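Residue-level structural notes
One letter stands for each residue in the lines below.
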Amino acid sequence: MNRLNVLQGIDIGNHQYDYIFEYGGWTGTFTDSSCKNFGTRYTLCMLKGDKSYRESWGTMDKKWSSNFPEQFPEQGFYQVFMETFAKRVPTESEVYGDDE
C-alpha cells in the first residue's frame, strides 16, 4: 500500500485547514472549512494527468456531491485517507444512489 504524503498543511483561519498531498502518483487537496457552531464542510479533489475526482460533503451542506468510484484507481487510498485525516470518503454511489 502506498503512503499518503502531506506536502503542505495551511491554517486558513478559524481552525479551518487546507492540505495538499500526494498518493501513488495522484495529487490531492483536502479542505476542512467546518464551523464549530454550524457543522462540518469538507472538499476533496484528486488529480492525475487528465483524470480527476472531486467531492464535497458535511453537515453544513444540504446537497453533497461526489464522482469518486467505489474502488479508487490507486488501491488503498480510502483506507490511508481515513487513517491520515480521520474522515471517510463518500463515493458517488453513496451520494447519488445506484440509479444515477
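Summary of the structure given here. (Residues numbered from 1 in each chain as written. Predicted model: local features only at pLDDT ≥ 70, side-chain atom pairs only at ≥ 80, totals over all residues. Heavy atoms only, no water.)

On to the nonpolar core. The biggest cluster of nonpolar side chains holds 18 residues, and the ones touching the most others in it are Phe21, Leu44, Met46, Phe68, Phe77 and Phe81. For this core, the elements supplying multiple residues, two or more each, are β2 (16-23), β3 (26-32), β4 (42-48), β5 (51-57) and α1 (77-85). Per element, the largest residue contribution to this core is five residues, and it comes from α1. The contact partners of methionine 46, leaving out residues within four places of it in the chain, are Phe21, Trp26, Thr27, Gly28, Lys51, Ser52, Tyr53, Phe68, Phe72 and Phe77. (Core = buried A, V, L, I, M, F, W, Y, C linked by side-chain atoms within 4.5 Å. Buried < 20%, exposed > 50% of the residue type's maximum accessible area, 1.4 Å probe, protein only. Helix = DSSP H or I, 4+ residues; strand = E, 2+ residues; numbered from the N terminus. Contact = heavy atoms within 4.5 Å.)

Looking now at the side chain of serine 56. With respect to the helices and strands, serine 56 occurs in strand β5. According to the relative accessible area criterion, serine 56 is buried, its value standing at 17%. Excluding anything up to four places from it in sequence, serine 56 contacts Tyr42, Thr43, Trp64 and Ser65.

Between side chains of opposite charge, a pair can form when the charged atoms approach closely. Using the criterion set out here, one finds two salt bridges in the structure. Here aspartate 61 makes a salt bridge to arginine 41, at a shortest N to O gap of 3.5 Å. Of this pair, aspartate 61 sits in the loop between β5 and β6 (65-66) while arginine 41 sits in the loop between β3 and β4, and the two are 20 residues apart along the sequence. Put simply, arginine 88 and glutamate 94 hold a salt bridge, and the shortest N to O gap is 3.0 Å. (Salt bridge = Lys/Arg side-chain N within 4 Å of Asp/Glu carboxyl O.)

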